[in-house]
Protein chains: 2
Amino acid sequence: MEVTTQNIASKENINTWISQIHTEFKLAMSVDCVIFGYTEADLYVALIPCNMPPYEGDLSLVGDLLHANEDLDQAVDRILWERIGLRNVYCEQVQVFSQLGRHPLGRVVTVAYYSLIKVEDYKKVAPADCPLVWKKVDEVGSLAFDHNEVFGLCLEKLRRQLREHPVGFSLLPKKFTLNQLQQLYEVILNMSFDKRNFRRKLKAMDAIRDVGEVERDVRHRPAKLYSFDLERFEASGKNSFV
Amino acid sequence: MEVTTQNIASKENINTWISQIHTEFKLAMSVDCVIFGYTEADLYVALIPCNMPPYEGDLSLVGDLLHANEDLDQAVDRILWERIGLRNVYCEQVQVFSQLGRHPLGRVVTVAYYSLIKVEDYKKVAPADCPLVWKKVDEVGSLAFDHNEVFGLCLEKLRRQLREHPVGFSLLPKKFTLNQLQQLYEVILNMSFDKRNFRRKLKAMDAIRDVGEVERDVRHRPAKLYSFDLERFEASGKNSFV
DNA sequence: TCAAAAGTGTTAATGATACACCCATGT
DNA sequence: ACATGGGTGTATCATTAACACTTTTGA
């Protein structure tokens, strides 16, 4: 930290604020969603062809401008509804990108969010004319704008959150087997876990509850079903999943 | 996650974007800085009296509008220079607050940052007419706008970062004693550590280097001086301080 | 010689990792 | 009966937490 002589701002008053807010500013905000799509085999990200010079032909994240009558969280919900056809999707704000010149058409400050959906849920409601492209997260090529940076940060944050918070359960049925849960962690984190250690740790977390049922119609020993128990997890004060 | 029928957005094209960016939007962005001031005894936060109805008389965080020719990081640097008289201050972006109606004068979306300075550095350059008020972080009362929420999140993030990243060294002289370092962790995290365990852990991190000197002019056994060694720390791949 | 803070090791408890076999079901 | 995935326990190692005395300097 450098210490130098002072340079005090001229004091603003209400009138300068009002005039600045209403006249000086012509700035747009957008939201860019890193929509992660989960399957039991892989983690994907939703991309769309970009039609804006100079990025025509590249893929970009799914985004839109913030409207005047909504806050950012509402904008994310709207975008997911309009583009993906899903509501009540798990979302997290990640970071703001405000670099001058990041958008070719003018001053657009964007806020990155990630969200988590099941690809199968999307498939049920996917529009025929929808240009969405799903790429495996480790096969994302060069994206439009600064979207590679945005994507990278969101993937990092997703993985950090998954390790420390009960984030993944929105991707499983209400009742799930422990193997489904482990598979989810393995796919998203791109690593593998020892089955016994994974189970021991998970049970010690007080986050899941045996619902007393088992799988049906499998041609092997049926697995017990569990459900996520948010109350018990929060009461236990434990943290950090794996 | 709820799956329902689709509601596809009408496709936008470049022209709609351009017109939206340039006409629909009249939105201001601001930066609110949670400026943490460190002394060897306490952690403070810098506040200023608010002169904006309906919050006249309350204290608020130090903030300003984002100017047209700067990005957010630059705005933070400018604010710290104008208000505090310091440059090259450690800063981290924390979160965006975009709730409708959060600002009484219009649509202002704010981005929260925290920054770390030494109170003594500020005192050297503090302007006589400057209305800055330093409050201990656990004695912050009710603040203007949504600034209590902003402050709380920034304090949380500071503490998380301090535990996991080499953040605190900007608050110490280039050469410091291990007790100074421990005191810093204790003050910011508001907890105490065992001296031997703290040292063992810190040395195991490969983050500090004995510079072969000792304190002068103390009326007790002089402590060895250490310096932070960023290169060695990054090379070691270790993480998580305490 | 006294006051004041610096410095240093060991033990116990806890948590993490590695590892292999039997079980229940459908076909 | 066999193929398939489900389910379980123990031993080792690494990490963390608790704890008290001697050392060096200035006054």
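Residues numbered from 1 in each chain as written. Chains lettered and ligands numbered in written order. Predicted model: local features only at pLDDT ≥ 70, side-chain atom pairs only at ≥ 80, totals over all residues. Heavy atoms only, no water.

Draft legend 1. Up close: the overall build of chain A. Counting its secondary structure elements, chain A contains seven helices and eleven strands. When contacts within chain A are restricted to residue pairs at least 6 apart in sequence, those whose partners lie at least 24 apart make up 65%. (Helix = DSSP H or I, 4+ residues; strand = E, 2+ residues; numbered from the N terminus. Contact = heavy atoms within 4.5 Å.)

Draft legend 2. Here's a closer look at the protein's contact with DNA strand D. In the neighbourhood of DNA strand D, 22 residues make up the surrounding shell, with A:Asn179, A:Lys195, A:His220, A:Lys224 and B:Arg221 lying closest. Within 4 Å of the protein, the atoms of DNA strand D are drawn from sugar and phosphate moieties in a proportion of 42%. Within the side chain of A:Arg199, a nitrogen or oxygen atom sits 3.4 Å from a phosphate oxygen of DNA strand D. At 3.2 Å, a side-chain N or O of B:Arg196 approaches a base nitrogen of DNA strand D. Secondary structure elements with two or more residues in the surface near DNA strand D: α6 (195-204) of chain A together with α6 (195-204) of chain B. For the surface near DNA strand D, the element with the most residues is α6(A), which contributes five residues. (Near = heavy atom within 4 Å. Polar contact = N/O pair within 3.5 Å; in protein donor to acceptor, adjacent residues only side chain to side chain.)

Draft legend 3. Broad picture of the pattern of salt bridges. All names here are of chain A. What the rule picks out here adds up to 26 salt bridges over all chains. With its nearest N and O atoms 3.4 Å apart, the salt bridge here joins Asp 229 to Arg 209. Taken as a pair, Asp 229 in the loop between β11 (224-228) and α7 (230-236) and Arg 209 in strand β10 (residues 208-214) lie far apart in primary sequence, 20 residues in all. One network of salt bridges, in which partners are shared, links Asp 206, Arg 209, Asp 229, Arg 232 and Lys 238. (Salt bridge = Lys/Arg side-chain N within 4 Å of Asp/Glu carboxyl O.)

Draft legend 4. View of the protein's contact with DNA strand C. Around DNA strand C, 21 residues are found, and the nearest of them are A:Asn197, A:Val218, B:Asn179, B:Lys195 and B:Lys224. Sugar and phosphate atoms form 42% of the subset of DNA strand C atoms that lie within 4 Å of the protein. Within the side chain of A:Asp194, a nitrogen or oxygen atom sits 3.2 Å from a base nitrogen of DNA strand C. With respect to DNA strand C, the side chain of A:Arg196 contributes an N or O atom lying 3.2 Å from a base nitrogen. Of the residues assigned to the surface near DNA strand C, the class counts are four nonpolar, four polar and 13 charged. (Nonpolar A, V, L, I, M, F, W, Y, C, P; charged D, E, K, R; others polar.)

Draft legend 5. Seen up close, the packing of helix α5 (residues 178-189) of chain B against α6(B). All names here are of chain B. Closest axis-to-axis distance for the α5/α6 pair is 11 Å, and the angle between their directions is 100°. Classed by the angle they form, the pair α5 and α6 counts as roughly perpendicular. Side by side, α5 and α6 meet where Leu 178, Asn 179, Leu 181, Gln 182 and Tyr 185 of the first sit next to Lys 195, Phe 198, Arg 199, Leu 202 and Lys 203 of the second. Its residues placed into classes, the contact of α5 with α6 shows five nonpolar, two polar and three charged. (Axes fitted to C-alpha atoms, helices over the stretch in contact; angles between N-to-C directions. Parallel < 35°, antiparallel > 145°, perpendicular 65-115°, else oblique.)

Draft legend 6. Structural context of the environment of B:Cys130. Residues and elements named next belong to chain B. Examined against the element boundaries, Cys 130 turns out to sit in the loop between α3 (119-125) and β9 (133-136). With 104 residues separating them along the chain, Cys 130 and Lys 26 place their C-alpha atoms 32 Å apart. Discounting chain neighbours no more than four positions away, the residues touching Cys 130 are Arg 83 and Tyr 122.

Draft legend 7. Structural view of helix α2 (residues 72-84) of chain B. Residue and element names in this part refer to chain B. When the terminal C-alpha atoms of α2 are compared, their 17 Å separation across 13 residues agrees well with the 18 Å that a helix rising 1.5 Å per residue should span. Counting buried positions along α2 gives ten out of 13 residues, so the element sits mostly inside the fold. Here α2 starts with a cap whose side-chain oxygen sits 3.1 Å from the backbone nitrogen of Asp 73, and that cap is Asp 71. At the C-terminal side of α2, Gly 85 shows a positive phi close to 85°. (Expected span 1.5 Å × (residues − 1). Buried < 20%, exposed > 50% of the residue type's maximum accessible area, 1.4 Å probe, protein only.)

Draft legend 8. Spatial organisation of the confidence of the model for chain A. Per-chain confidence: chain A averages 90 in pLDDT, with 90% of residues scoring 70 or above. Within the model, the stretch residues 1-11 of chain A combines pLDDT values under 50 with 37 contacts to residues more than four positions away or in other chains. (pLDDT = per-residue confidence, 0-100.)

Draft legend 9. Layout of the domain arrangement of chain A. All names here are of chain A. The domains assigned to chain A are domain 1 (15-164) and domain 2 (168-236). Distance from the C-alpha centre of domain 1 to the C-alpha centre of domain 2: 30 Å. Across the boundary between the two partners, domain 1 contributes 14 residues, which contact 14 residues of domain 2. Between domain 1 and domain 2, the buried area comes to about 1300 Å², and carbon and sulfur atoms account for 65% of it. Considering only the side of domain 1, the residues that lose the most area to domain 2 are Tyr 38, Glu 40 and Leu 162, jointly responsible for 48% of the buried surface there. Along the contact surface separating domain 1 from domain 2 lie three residue pairs in polar contact (both at pLDDT 80 or more). When residues of the side of domain 1 that touches domain 2 are traced back to their parent elements, those giving at least two are β8 (108-118) and α4 (147-164). Take the side of domain 1 that touches domain 2: its biggest share by element is four residues, from α4. Class assignment of the residues belonging to the side of domain 1 that touches domain 2 gives a composition of eight nonpolar, one polar and five charged. (Domains from an automatic or database assignment. Buried area = accessible area lost by both parts, 1.4 Å probe.)

Draft legend 10. A look at the side chain of A:Asp64. Residue and element names in this part refer to chain A. Among the structural elements, Asp 64 can be located in strand β5 (residues 62-65). Residue class for Asp 64 comes out buried when judged on its relative accessible area of 12%. A distance of 2.8 Å separates the side chain of Asp 64 from the side chain of Arg 78, its partner in a polar contact. Those residues in contact with Asp 64, other than ones at most four positions away along the chain, are Ser 30, Val 31, Arg 78, Ile 79 and Glu 82.

Draft legend 11. Looking closely at the packing of aromatic side chains. In this structure the tally under the stated criterion is 24 aromatic pairs over all chains. Note on B:Phe36 and B:Phe151: the rings are 6.3 Å apart at their centroids and 45° apart in plane angle, and the pair reads as tilted. Residue B:Phe36 is located in strand β2 (residues 28-38), and its partner B:Phe151 is located in helix α4 (residues 147-164); the two are separated by 115 residues in the primary sequence. Take B:Phe36 and B:Phe151: they sit in the same class, and that class is buried. Each ring, one from B:Tyr55 and one from B:Phe145, has its centre 4.8 Å from the other, and the planes form 55°; the classification is tilted. With a gap of 90 residues between them, B:Tyr55 in the loop between β3 (43-49) and β4 (59-60) and B:Phe145 in the loop between β9 and α4 connect regions that are remote in the sequence. Connected via pairs of aromatic rings, a cluster forms that spans A:Phe169, A:Phe176, A:Tyr185, A:Phe193, A:Phe198, A:Phe228, A:Phe233 and A:Phe241. Across from the ring centre of A:Trp81, 3.8 Å away, lies the NZ or CZ of A:Arg87, which sits over that ring. (Phe/Tyr/Trp six-rings, centres within 6.5 Å; stacked < 30°, edge-to-face > 60°. Lys NZ or Arg CZ within 6 Å of the ring centre and 35° of its normal.)

Draft legend 12. Spotlight on the pairing of β5(A). Residue and element names in this part refer to chain A. Neither face of β5 is open: one carries Val 62 and Asp 64, the other Gly 63 and Leu 65, and all of them are buried. One ladder, built from four bridges, connects strand β2 (residues 28-38) with β5; its direction is antiparallel. The residue bridging Cys 33 from the neighbouring strand is Val 62, located in β5. (Pairing = 2+ DSSP bridges.)

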